[in-house]
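Descriptive structure summary
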Amino acid sequence: MKSTMNRCLIVDDQEQNLYLLEALLKGSGYEVETAANGLEALEKARRNPPDILITDILMPVMDGFTLCREWRRDEGLKKIPFLFYTATYTDPKDEAFALGLGADRFLVKPLDPERLLKEIASFLEKKESGSQPSAAEGEALLPESDYLKEYNEVLVRKLEAKMIRLEEANRSLEGEIRERRLVEGNLRVSEARYRDMFTNAVEGIYRCTREGRFLFVNPSFARMYGYETPREMVDGVLATDRQVYCMLEDRDRIRVELEERGMVRDVEVRHRRKDGAPFWVSLTARVVRDDEGGMLSYEGRVIDITDRKRAEEKIREGMERLEQALRGVIQVLVRVVEQRDPYTAGHQQRVADLAAAIAGEMGLDAEEMEGLLMAGMVHDVGKMSIPAEILSKPARLNDMEMLMIREHPETAVRILREIPFPWEISRTVLEHHERMDGSGYPRGLKGGEILLSSRILAVADTVESMASHRPYRPALGVEAALAEILESRGIRFDADVVDACIRLFRERGYRLQETY
């Protein structure tokens, strides 16, 4: 029985190139076999044909061009996709020769990993569906004489190019040569550092049985869990539920999802290291099945996200402290206003609650409802600048007193603008006495010029004010207040906001609280 993974045979005489490409392909779910030259690749492919072959060109024993010709001659291999991936042969004539030999694609290094993976996946999908035959099908191979002629031309062209470069290098001044050597030395140091960083940053890759025994882990995976070598981890971990997962429920949940869906992606879960220390990982895994669909094992990759989770927790804690501080500031402002205007004690809180309820009835999200709650609690904070005798005057206000009252939204903005609210609190408060027909204050805004949050606050403020006692009149009651906003629906007040408010009281049973 074999795995459902596609098998890639990669050929390159440079060990580092093989390692990097192998790590990329394995990390993307492919089974990988490697060879150091064309002859070795040919022998391995004949024993166990791959699903696709990716090869360099310039190699000892047998180069890529010769491998391609032999590949297309072989009845058992010629239909398998053949991709060149080279950094040495980059001339368009080299590509034409390669495609003439029967290669399916000619890719030049370096290539973005995502594009390379897409190229490979594309050929495999077409191969499996039979929608696109290999380049060799239906085409006769080059006659031996033509092949040798073009092959020699490629080699001569490459040799001539190297000779030209050598002559140019020889004509360079000694100082330039020293500089080149210095640069090359720096590049080697940089490449060594890069390889080291790459090795340490490679995602952990594993395969395990359904019962929780590891069959294979790569070095990065072993290091991540505190083991010195992959062998130590494979031999030392007898059951992942007890030695890897912090919570048995997490293991069970992931296993159920794996067996129902065949894979899980980017699941964040707490694991434990060899010494028992917990840490966070992001896990992606899939089920490996045999040809009959039977489950063979699980395989996947993990990324250590402990630092990210810690940072997120610190941000969350910071936001909670900030929110607590903001609420403390708001409560202070509310108490100051109520001390100066005892007749309206609880008014701001009742308006805030009603505004948030209207927002919820209109389908606004929790964040917007929270913003309206905050705005409602401070919407009259500007009244701190108005003399207490005016606020508590038991008669109608004269024109001068009314002018002072109408300044309270702008005064509120001057007080609130220094507080770092995460919502548009200042503007909402500034516009809560504006009206849809432009008859409001302080700026006479109309319709869409007024924030939705301000339109909601305007209705809530009107309803609460009319329903409650005021120094200059007794409470008019909720029904009178609802009749008032209905009469001005679509004129002074937003129609949708009015409708939501009416539904709250008449259908949802909403009630204004008596005191706070």
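Everything here concerns the structure above.
Residues numbered from 1 in each chain as written. Predicted model: local features only at pLDDT ≥ 70, side-chain atom pairs only at ≥ 80, totals over all residues. Heavy atoms only, no water.

1. What to know about the sheet that holds strand E2 (residues 31-35)
Strand-to-strand pairing in sheets goes through backbone hydrogen bonds, with the strands running parallel or antiparallel. Read from one edge to the other, the open sheet built from five strands follows the order E2-E1-E3-E4-E5, with strand pairing classed as parallel. Edge positions in the open sheet fall to E2 and strand E5 (105-108), since each of these has one partner strand only. Each strand axis lies, on average, 20° off the axis of its neighbour in the sheet, ignoring direction. The pairing of strand E1 (residues 7-11) with E2 spans five bridges and is classified as parallel. In the sheet register, Cys-8 faces E2, and the bridge partner there is Val-32. Sheet strands in contact with helix H4 (residues 92-100) are strand E4 (82-86) and E5, and its direction is about 150° off that of E5. (Pairing = 2+ DSSP bridges. Helix = DSSP H or I, 4+ residues; strand = E, 2+ residues; numbered from the N terminus. Axes fitted to C-alpha atoms, helices over the stretch in contact; angles between N-to-C directions. Contact = heavy atoms within 4.5 Å.)

2. Here's the deal with the pairing of E5
Bridging between E4 and E5 involves four bridges; their strand directions are parallel. Residue Leu-83 lies in a different strand from E5, and its bridge partner there is Arg-105. Taken together, E4, H4 and E5 constitute a β-α-β crossover, and its handedness is right-handed. (Right-handed = clockwise from strand over helix to strand, strands pointing away.)

3. Describing the packing of aromatic side chains
In the structure shown here, the tally under the stated rule is 11 aromatic pairs. Seen from their ring centres, Tyr-206 and Phe-214 are 6.0 Å apart, and the 85° between their planes marks the pair as edge-to-face. Classification of Tyr-206 as buried rests on a relative accessible area of 8%. Phe-214 sits in the buried class, given a relative accessible area of 6%. Arranged with centres 5.4 Å apart and planes meeting at 40°, the rings of Tyr-206 and Phe-221 form a pair that is tilted. Taken together, the positions of Tyr-206 in strand E6 (residues 204-208) and Phe-221 in helix H8 (residues 219-224) put the pair 15 residues apart, joining distant regions of the chain. Pair check on accessibility: Tyr-206 and Phe-221 agree, each one buried. These aromatic residues form a ring-pair network of at least three members: Phe-65, Trp-71, Phe-82, Phe-84, Phe-97 and Phe-106. Here Arg-273 stacks its cationic end above the ring of Phe-279, 3.9 Å away from the centre of that ring. Between Lys-309 and the ring centre of Trp-280, over which it is positioned, the NZ or CZ distance is 4.4 Å. (Phe/Tyr/Trp six-rings, centres within 6.5 Å; stacked < 30°, edge-to-face > 60°. Buried < 20%, exposed > 50% of the residue type's maximum accessible area, 1.4 Å probe, protein only. Lys NZ or Arg CZ within 6 Å of the ring centre and 35° of its normal.)

4. Points about helix H19 (residues 452-467)
Taking 1.5 Å per residue, 16 residues should reach 22 Å; H19 reaches 23 Å between its end C-alpha atoms and fits that length. Counting buried residues in H19 gives 14 out of 16 residues, a clear majority hidden from the surface. (Expected span 1.5 Å × (residues − 1).)

5. Quick notes on the environment of Thr-90
Here Thr-90 shows up in the loop between E4 and H4. C-alpha separation for the pair Thr-90 and Lys-109, spaced 19 residues apart in sequence, amounts to 9.0 Å.

6. Digging into the side chain of Ser-282
Note on placement: Ser-282 falls in strand E9 (residues 278-289). Here Ser-282 falls in the buried class, since its relative accessible area comes to 8%. If sequence neighbours within four positions are ignored, Ser-282 has contacts with Asp-266, Val-267, Arg-301, Val-302, Ile-303 and Ile-305.

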